[in-house]
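One-letter residues, chain by chain:
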Amino acid sequence: MLPIERQKQLLSWLKEEGALSISEISKRLQVSEMTIYRDIKPLLTENKIIKTSGGITLASINNIPSSGCTYCFKESNSRHPVQIITNDLKVEQLCCPHCGLLRYKDIETDVSQIICRDFLYNSTISAKMAFFLFDSDFNLNCCQPQALAFGSRKQAEQFQKGFGGVILRFEEAVEEVEKRMKGDLGCHCNK
Ligand SMILES: [Zn+2]
Ligand SMILES: [Zn+2]
């Protein structure tokens, strides 16, 4: 099989299964792990796939079959999904950053990657590097309190100028959403 054919095969497996380990791929394709690493290099550069601790997953979270949000169980057709990849390479789909942050808190030690969408550009970003805007006058029409994710502080600040709110880093955002869910506000997930 040519490298290009292996890449195609790989992508189709990822579409069906969400994530795969390098050793599993090497077994299935009957080539060495070195070869697999060489094969996936261009896919990584083109941002088609993302490396996790034990393997790889598809970069485009829309391609992953979804059976609703893992946290609030809402049917997820949100434009701002969050994806969590666990250490054993299971892929969880969350409807929005609100559920993503809460789910992360629940299974923190099992999380290999948490990925979200940049609110403005819709590009895939690591949630841990993102900036989260709370309390803005923009309604995502998903779960409350809502958080909007931005890839850069500059963009978050520009949006904040127009719509207000507070900007938090990932760890702060996790704490904030948890604190509010425990507070008087209670759960406002509109299931
Ligand atoms: Zn949810
Ligand atoms: Zn939601």
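Cut-off values and rules
- Residues numbered from 1 in each chain as written.
- Chains lettered and ligands numbered in written order.
- Predicted model: local features only at pLDDT ≥ 70, side-chain atom pairs only at ≥ 80, totals over all residues.
- Helix = DSSP H or I, 4+ residues; strand = E, 2+ residues; numbered from the N terminus.
- Rg over C-alpha atoms; globule rule 2.2 N^0.38 Å.
- Buried ≥ 20, exposed ≤ 12 C-beta atoms within 10 Å, placed from the backbone.
- Contact = placed C-beta atoms within 7 Å.
- Pairing = 2+ DSSP bridges.
- Axes fitted to C-alpha atoms, helices over the stretch in contact; angles between N-to-C directions.
- Domains from an automatic or database assignment.
- Nonpolar A, V, L, I, M, F, W, Y, C, P; charged D, E, K, R; others polar.
- Expected span 1.5 Å × (residues − 1).

- As annotated in an unreviewed UniProt entry, the protein chain is Transcriptional regulator from Neobacillus massiliamazoniensis.

Quick notes on the overall build of the protein chain
- A tally of helices and strands in the protein chain yields six helices and 10 strands.
- Relative to the compact-globule value of 16 Å for 191 residues, the protein chain shows a C-alpha radius of gyration of 18 Å, a close match.
- Its C-alpha atoms give the protein chain principal-axis dimensions of roughly 60 × 30 × 25 Å.
- Across the 191 residues that make up the protein chain, the buried fraction comes to 37%.
- For the protein chain, the share of sequence-separated contacts (at least 6 apart) that also reach a separation of at least 24 residues comes to 59%.

Considerations on the sheet that holds strand β2 (residues 49–51)
- Strand order in the open sheet formed by three strands is β1-β3-β2, and the pairing between neighbours is antiparallel. In the strand order of this sheet, the two ends are held by β1 (19–21) and β2, each with one partner. Taking each pair of neighbouring strands and ignoring which way they run, the sheet shows an average axis angle of 25°.
- In this sheet, strand β3 (residues 55–58) lies alongside β2 in antiparallel orientation, the contact comprising three bridges.

Considerations on the domain arrangement of the protein chain
- Segmenting the protein chain into domains produces domain 1 (3–59) and domain 2 (62–182).
- Facing the 13 residues of domain 1 at the interface are 10 residues of domain 2.
- Looking at the side of domain 1 that touches domain 2, the elements that each hand over two or more residues are β1 and β3.
- Counted by class, the side of domain 1 that touches domain 2 contains five nonpolar, seven polar and one charged residues.

Considerations on helix α1 (residues 3–17)
- With 15 residues, α1 should cover 21 Å at 1.5 Å per step; its first-to-last C-alpha distance of 21 Å lies within 8% of that length.
- Phi for G18, located one or two positions after α1, is positive at around 90°.

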